[in-house]
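Notes for the structure review
Residue-level listing of the chains:
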Amino acid sequence: MNIDIIGAGIGGLTTAIALQKKGIRAKILEQANEIKPVGAGIILANNAMQVYDHLGLRKEIEDGGNLVSSMNITDASLSRISSIDLTYFEKKHGVKNVAIHRGELQKILVQQLDKSKVELGNELIKVEKLDSAYQLKFSDGSSTTSAVLLGADGLNSKVREYLFSETKIRSAYQMCWRGVTNFTLPKNYRNELNEAWGKGDRIGFVQISSEKVYWYALKTFRQDQYSVDDLAMLFQNYHPIVKEIIRSTPVGAIHTATISDLEPIKHWHQDNVCLIGDAAHATTPNMGQGACQAIEDAFVLSECLAKYGLDHPAQAFSEYQRLRMPKAHQVVNTSWTLGKVAHWKSSLAIQLRNQLMRMVPPSINRKQSEKIFQLASV
Ligand SMILES: Cc1cc2nc3c(=O)[nH]c(=O)nc-3n(C[C@H](O)[C@H](O)[C@H](O)COP(=O)(O)OP(=O)(O)OC[C@H]3O[C@@H](n4cnc5c(N)ncnc54)[C@H](O)[C@@H]3O)c2cc1C
């Protein structure tokens, strides 16, 4: 029996690789006509890198990106208010956090799969449950049936829309700009992720290769959204490095979006269909864990399918949901709150918040990451 995966994002690709390693046949159906590199970076935290280590991809990903050994929150002048030393987790789990260009990661993932396993130009528009299969309809008028279906089709998942009743997408009312620029950070910033919090806005930046820096900036909005042309003005009170990073990025290369997540849903599977990644638990990006959680899904689901066999996918899906849902939802909820706190606007509240955060002992910060970086044992 074959598994059909809808979507060739990080979740779908990693799942196909993990299943291939287990000798389980899977095919990806992707709407795009080509897998184009997204002009942004991504941070693969320790939990994601443990999975890639397991899949034999750790070295290639490390070589394609840049190692990150601390994650810091600072004020707009880059004075630290909180920090997580990642070297403790590097020793504990034997892998490092890596910041990498998304295009580079996609290339590494796609290369692991036989070309026939990723079918492009298949935009799913409708799914129907038949007696013992699913009928998939595509925008070019074609259709096919699937015995076992995985929805890895992101926040606006069609698989979720047609086969699952609950779905509430929430806007965080935050604009987000992302860019990659030719830039080399001063030495002391080269192996760190720094996220600077201002008043109702913030900006994060990290070296992703010897000559490239990835940055993301967010700003709260009400009705009227901001334009990319407003960026320099919006971040004019930040540290000169921040302003230089923005200035050095061609406007046409800046990706603009608004931030949303999926309010936690109770069911990720029924019969022979199951949701993974953003389709199941899209989160705001405030903990840098969305893709990492999708990567964990890929690992746990492939282990469960190998354990229970394809004759009993429902059992594997149920175990996958039991093992993955509490942590994924914890990330969604914590990230949602963090995004609000990061964008406070009152000067007094900001001052108090920063003072309190500076007082939190490193052991508490470490404890919070401990749970996130621990993989489930199947
Ligand atoms: C600003 C920002 C920064 C982020 N930074 C980080 C970070 O540093 N670390 C981290 O871990 N996460 C980060 N994330 C989150 C991360 O990008 C997502 O969680 C992750 O990409 C989800 O992967 P996915 O494969 O589940 O979904 P997606 O990446 O959305 O992929 C879905 C795929 O399905 C395809 N598809 C969709 N609909 C259809 C259809 N109808 N038919 C066929 N194919 C379809 C799409 O074309 C796409 O290829 C960030 C997110 C944002 C917005």
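Notes on the structure in this doc start here. The structure displayed is predicted, hence computed values, not measured ones.

Remarks on the overall build of the protein chain
- Helix and strand content of the protein chain: 13 helices and 19 strands.
- Over its C-alpha atoms the protein chain spans a radius of gyration of 21 Å, differing by no more than 12% from the 21 Å that the globule rule assigns to 378 residues.
- Each principal axis of the C-alpha distribution contributes one length, and for the protein chain these read about 60 × 45 × 35 Å.
- Scored against the burial criterion, the 378 residues of the protein chain give a buried share of 43%.
- The contacts of the protein chain with a sequence gap of at least 6 include a subset with a gap of at least 24, amounting to 74%.

Structural notes on helix α8 (residues 240-247)
- For α8, the complete set of buried residues consists of V242, I245 and I246. For α8, the buried positions fall inside an angular range of 95° around the axis, keeping them on one side. What points out from α8, more than 90 degrees from its buried face, is the exposed set P240 and R247.
- Of the surrounding elements, those touching the buried residues of α8 are β13 (169-182), β14 (192-197), β15 (201-209), β16 (212-220) and α7 (231-234).

So, the site of the ligand
- The ligand sits among 32 residues. The nearest are G7, G9, G154, G277 and G290.
- For the shell around the ligand, the element with the highest residue contribution is helix α10 (residues 290-308), accounting for four residues.
- Looking at the shell around the ligand residue by residue, the class counts come to 15 nonpolar, eleven polar and six charged.

Thoughts on the pairing of β16
- Among the nine residues of β16, seven are classified as buried, and the element is accordingly described as predominantly covered.
- Here β15 runs beside β16; their pairing, made up of eight bridges, is antiparallel. Bridging across to β16, S209 finds its partner in K212.
- Following β15, the chain reverses through two residues before pairing antiparallel with β16.

Notes on the packing of helix α1 (residues 10-21) against helix α5 (residues 102-111)
- α5 packs onto α1 with a crossing angle of 30° between their chain directions and a minimal axis gap of 9 Å. Considering their axes alone, α1 and α5 lie roughly parallel with respect to each other. α1 and α5 meet at a crossing whose hand is left-handed. Contacts between α1 and α5 involve I10, L13, T14 and I17 on the former and, on the latter, L105, L109 and V110.

Focus on the nonpolar core
- Core analysis: the largest hydrophobic core is formed by 91 residues, its most contacted members being L44, A48, A99, V206, I276 and I295.
- Not counting chain neighbours up to four residues away, the residues in contact with L44 comprise M49, I61, N97, V98, I100 and C292.

A short note on the pairing of strand β5 (residues 70-75)
- Pairing analysis gives five bridges linking β5 to strand β6 (residues 80-85), with the strands arranged antiparallel. By the bridge assignment for β6, S70 is matched with D85.
- Pairing geometry for β5 and β14, over six bridges, is parallel. Across the sheet, I73 pairs through a bridge with E195, a residue of β14.

What to know about the sheet that holds strand β10 (residues 134-138)
- Ordered by their spatial adjacency, three strands build an open sheet running β9-β10-β11, and the pairing between neighbours is antiparallel. Here the strands that pair on one side only, and so sit at the sheet edges, are β9 (124-129) and β11 (143-146). Here the strands of the sheet are splayed against their neighbours by 25° on average, with no regard to which way each runs.
- Judged from the four bridges that link them, β10 and β11 form a sheet pairing that is antiparallel. In the sheet register, Q135 faces β11, and the bridge partner there is T145.

What counts and what doesn't
- Residues numbered from 1 in each chain as written.
- Predicted model: local features only at pLDDT ≥ 70, side-chain atom pairs only at ≥ 80, totals over all residues.
- Helix = DSSP H or I, 4+ residues; strand = E, 2+ residues; numbered from the N terminus.
- Rg over C-alpha atoms; globule rule 2.2 N^0.38 Å.
- Buried ≥ 20, exposed ≤ 12 C-beta atoms within 10 Å, placed from the backbone.
- Contact = placed C-beta atoms within 7 Å.
- Arc of directions from axis to C-beta.
- Near = placed C-beta within 6 Å.
- Nonpolar A, V, L, I, M, F, W, Y, C, P; charged D, E, K, R; others polar.
- Pairing = 2+ DSSP bridges.
- Axes fitted to C-alpha atoms, helices over the stretch in contact; angles between N-to-C directions.
- Parallel < 35°, antiparallel > 145°, perpendicular 65-115°, else oblique.
- Left-handed = near helix turned anticlockwise from the far one by under 90°.
- Core = buried A, V, L, I, M, F, W, Y, C linked by C-beta atoms within 7 Å.

Don't take any of this as a statement about function, it's just geometry.
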